[in-house]
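Working through the structure, step by step
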Amino acid sequence: MSVRAIAGFAVRGKVNALTAGGLAHSVREKVARGIFMQGWSLFTHSVTLVVRNWRDALKIGLVPIGLFFVWLMVAVGMGLSFANVTMGPGGMGGDMGGMGGAATPAGAGVAALLALLTVIFGLATFLWVVVSWHRFVLLEEYPRGWVPPFRGDLVLGYFGRLLLLLLLGFVLMIPVIVVASGFVAAMGEGGVMLLLLLAVPFYVFILVSYYRLAIILPAGAVGAPLTLGQAWVATRGSFGTIFVMQFGFFLMNLAVQMAVYVLSEVVPVLGLLVSLAATVFVGLVQVSLLTTLYGVYIEKRGIG
């Protein structure tokens, strides 16, 4: 037998060591590729949910969003009308006919009330659409007609869970801000640059952690509530996958915003309409990310 024929087995120990090293590298490569593909699949699946079901998305979102914009126009009109009546001397209703008058306390109070009502109505509208979309995807609760059912208990529950996540993030940020402030004070400008470098991985960690915990939102929407601890345990080992998913969403959002900007510059008349449509699309995709995570990690669904 020639040397060439047995060259691969000439030094068994070394070959085994090299083989083991190559095998470990191959395993790591396959794991990394698997994480990337799974994360990318979660992202593309979420986009597909919106694109494939655009008619149902239209039925779920058109009326609530339309009602909000009607209220917005009414609120602005009421605010302007009230300002005309209550503006002080020299204002829009004054003898001088100028625009420099100061609003009365009553006018300021009405403006604050209208702003508060607009925020409440806008939030209720947003949660109305989000809850309906979660239930459509996860429970196959198809819209009947153009007005999706408003489930006040689920909407309030969704708001409570969302508020819980925001408060949790705020509490976690307090010690970080304190440490960062002391760090900058101790090191000066050099500390600022180093802090910015450290902020990137920290932001990624916070973002991924938020999505791991945020599956309590679709869980509540479908009437199967989860605790934060259950959500955290259920998504164990998903850091890389969720990071890839979020990176895909970031790229898509960037591309959509650039397209909206270019189209608005070319056809200014369509700018507002296109911007609104893009905002709704991106928002539904973001909600679908949570829906997909819940389906995969809680309900153990496939996305193939």
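Since the structure is predicted, the reported quantities are computational estimates derived from the model, not experimental observations.

**Comments concerning the overall build of the protein chain**
Counting its secondary structure elements, the protein chain contains ten helices and zero strands. Going from N to C terminus, the protein chain has its helices and strands arranged as α-α-α-α-α-α-α-α-α-α. Out of the 304 residues in the protein chain, the part that is buried amounts to 31%. When contacts within the protein chain are restricted to residue pairs at least 6 apart in sequence, long-range pairs at least 24 apart make up 74% of them. Of the roughly 18500 Å² of accessible surface on the protein chain, 75% is carried by carbon and sulfur atoms.

**Quick word on the confidence of the model for the protein chain**
Residues with a pLDDT of 70 or more make up 77% of the protein chain, whose mean pLDDT is 81. Here residues 1-15 is a poorly scored stretch, pLDDT under 50, and it has two contacts once near neighbours within four places are set aside; other chains count.

**Focus on the pattern of salt bridges**
Any two side chains of opposite charge can pair, on the condition that their charged atoms come close. What the rule picks out here adds up to three salt bridges. In this structure, Arg151 and Glu141 form a salt bridge, with 2.8 Å as the shortest nitrogen-oxygen distance. Taken as a pair, Arg151 in the loop between α4 (105-139) and α5 (152-187) and Glu141 in the loop between α4 and α5 lie far apart in primary sequence, ten residues in all. Residue classification places Glu141 among the partly exposed positions, given a relative accessible area of 26%. Here Arg301 and Glu299 are joined by a salt bridge, their closest N and O atoms 2.6 Å apart.

**Focus on the nonpolar core**
Trp133, Leu217, Met245, Met252 and Leu293 are the most contacted members of the largest nonpolar core, which totals 45 residues. Among the secondary structure elements, those contributing two or more residues to this core are α2 (12-52), α3 (54-86), α4, α5, α6 (189-213), α7 (216-221), α9 (239-266) and α10 (271-297). The element best represented in this core is α10, accounting for ten residues. Ignoring anything within four residues of it in the chain, the contact list for Met245 reads Gly39, Leu42, Phe43, Tyr211, Leu289 and Leu293.

**Re a nonpolar patch on the surface**
Together, Phe205, Trp232, Phe239, Phe243, Phe247, Phe250, Leu251, Leu254 and Met258 make up a nonpolar patch on the protein surface, roughly 870 Å² of accessible area in all. For the nonpolar patch, the element with the most residues is α9, which contributes seven residues. Topologically, Phe243 is positioned in helix α9.

**Details of the packing of aromatic side chains**
One pass over the structure, following the stated rule, counts eleven aromatic pairs. Centroid distance Trp71 to Phe121: 6.2 Å. Interplanar angle 80°. Geometry classified as edge-to-face. Of this pair, Trp71 sits in helix α3 while Phe121 sits in helix α4; the two residues are 50 residues apart in sequence, bridging distant segments of the chain. Ring geometry for Trp128 against Phe150: centres 5.5 Å apart, planes inclined by 90°, an arrangement best described as edge-to-face. With a gap of 22 residues between them, Trp128 in helix α4 and Phe150 in the loop between α4 and α5 connect regions that are remote in the sequence. Put simply, the rings of Phe68, Phe69, Trp71 and Phe121 touch in pairs and so form one group of aromatic residues.

**Comments concerning α9**
If you check α9, its first and last C-alpha atoms are 41 Å apart, about what 28 residues at 1.5 Å a residue would give, namely 40 Å. The set of residues buried in α9 consists of Thr241, Ile242, Val244, Met245, Gln246, Gly248, Phe249, Met252, Val256 and Val260.

**Description of the environment of Trp54**
Secondary-structure assignment places Trp54 in helix α3. Here Trp54 falls in the partly exposed class, since its relative accessible area comes to 45%. Spatially, the C-alpha atom of Trp54 lies 9.3 Å from that of Phe281, the residues being 227 residues apart in sequence.

**With respect to the packing of α9 against α10**
At a minimum axis distance of 9 Å, the contact between α9 and α10 shows a crossing angle of 170°. As far as their axial angle goes, α10 and α9 are roughly antiparallel. Between α9 and α10, the residues in contact are Thr241, Ile242, Met245, Gln246, Phe249, Met252, Asn253, Val256, Val260, Leu263 and Ser264 and Gly271, Val274, Ser275, Ala278, Phe281, Val282, Val285, Gln286, Leu289, Leu293 and Tyr297, respectively. For the contact of α9 with α10, the class distribution of residues is 15 nonpolar, seven polar and no charged.

**So, unusual backbone geometry**
At Glu140, a residue that is not glycine, the phi angle is positive and equals roughly 55°. Its place among the elements puts Glu140 in the loop between α4 and α5. Phi is positive for Lys300, which is not a glycine, with a value near 60°. Mapped onto the fold, Lys300 is located in the segment after α10.

**Details of the side chain of Ser288**
With respect to the helices, strands and loops of the structure, Ser288 is situated in helix α10. Looking at Ser288, the relative accessible area reads 0%, which means it is buried. Setting aside residues up to four positions removed in sequence, Ser288 forms contacts with Ser46, Leu49, Val50 and Trp133.

What counts and how
Residues numbered from 1 in each chain as written. Predicted model: local features only at pLDDT ≥ 70, side-chain atom pairs only at ≥ 80, totals over all residues. Heavy atoms only, no water. Helix = DSSP H or I, 4+ residues; strand = E, 2+ residues; numbered from the N terminus. Buried < 20%, exposed > 50% of the residue type's maximum accessible area, 1.4 Å probe, protein only. Contact = heavy atoms within 4.5 Å. Areas by Shrake-Rupley, 256 points an atom, 1.4 Å probe, with all protein chains shown as cover. pLDDT = per-residue confidence, 0-100. Salt bridge = Lys/Arg side-chain N within 4 Å of Asp/Glu carboxyl O. Core = buried A, V, L, I, M, F, W, Y, C linked by side-chain atoms within 4.5 Å. Patch = residues over 30% accessible without salt bridge, like charges linked within 9 Å, V, L, I, M, F, W, Y side chains within 5 Å. Phe/Tyr/Trp six-rings, centres within 6.5 Å; stacked < 30°, edge-to-face > 60°. Expected span 1.5 Å × (residues − 1). Axes fitted to C-alpha atoms, helices over the stretch in contact; angles between N-to-C directions. Parallel < 35°, antiparallel > 145°, perpendicular 65-115°, else oblique. Nonpolar A, V, L, I, M, F, W, Y, C, P; charged D, E, K, R; others polar.

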